[in-house]
Amino acid sequence: MTYDQEQECLKSWRGRRLLLCRATDQIRAIINAMSGDASPASEPCPVPAATERQQYDLHRVNDLLRHMLMGANDGGSYGP
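Residues numbered from 1 in each chain as written. Predicted model: local features only at pLDDT ≥ 70, side-chain atom pairs only at ≥ 80, totals over all residues. Heavy atoms only, no water.

## Side note on the overall build of the protein chain
Then, number 1: A tally of regular secondary structure across the protein chain gives 3 helices and 0 strands.
Then, number 2: Going from N to C terminus, the protein chain has its helices and strands arranged as α-α-α.
Then, number 3: Counting contacts in the protein chain only where the partners sit at least 6 residues apart, residues at least 24 apart contribute 40% of the total.
Then, number 4: Element-wise, carbon and sulfur atoms account for 58% of the exposed surface of the protein chain, whose accessible area totals about 6200 Å². (Helix = DSSP H or I, 4+ residues; strand = E, 2+ residues; numbered from the N terminus. Contact = heavy atoms within 4.5 Å. Areas by Shrake-Rupley, 256 points an atom, 1.4 Å probe, with all protein chains shown as cover.)

So this is what it looks like as C-alpha cells:
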C-alpha cells in the first residue's frame, strides 16, 4: 500500500480498521519471530531471545492496544 493509499484509508473508519489490523498483525509476526532471534555471543552486547512469558505478555499488550483503538475508532467504549 502506498503512502497516498494509507492517507486515503485514514479518512474512513473502515480504512482505519484495516490499517490497525494490518499493523497489529505485523507486530504479532515480529513477536513470534523474536523466539529464535538471539544475537550471536560474539557481538559486543548480545541480546537473548525472548522467553515464552515475554512473548505472551507482548501479545497481550498488542491485543489490548488493538481492542482499545478499535473501540475508540468505532465511537464506542474501549473499556471492558
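## Examining the environment of G15
Then, number 1: When you line up the elements, G15 lands in helix α2 (residues 13-33).
Then, number 2: G15 gets classed as buried once you look at its relative accessible area, which sits at 8%.
Then, number 3: In the structure, G15 is positioned 10 residues away from Q5 in sequence and 9.7 Å away in space, judged by C-alpha atoms. (Buried < 20%, exposed > 50% of the residue type's maximum accessible area, 1.4 Å probe, protein only.)

## Notes on the side chain of Q55
Then, number 1: For Q55, the position within the fold is in helix α3 (residues 52-73).
Then, number 2: Assessed through its relative accessible area of 12%, Q55 is described here as buried.
Then, number 3: Each residue touching Q55, except ones within four places of it in the same chain, is listed here: I31, N32, M34, S35 and A50.

## Observations concerning α3
Then, number 1: Taking 1.5 Å per residue, 22 residues should reach 32 Å; α3 reaches 31 Å between its end C-alpha atoms and fits that length.
Then, number 2: On the buried face of α3, the contacting elements are α2. (Expected span 1.5 Å × (residues − 1).)

## Thoughts on α2
Then, number 1: In a regular helix each residue adds 1.5 Å, so 21 residues correspond to 30 Å; α2 covers 30 Å between its end C-alpha atoms and thus fits that length.
Then, number 2: Looking only at α2, the buried set comprises G15, L19, L20, T24 and I31. The buried residues of α2 occupy one face: seen down the axis, they fall within an arc of 160°. The exposed residues of α2 that point more than 90 degrees off its buried face are R14 and Q26.
Then, number 3: Contacts from the buried residues of α2 go to α1 (3-9) and α3. (Arc of directions from axis to C-beta.)

So, to be careful, I would describe these as geometric facts and stop short of saying anything about function.
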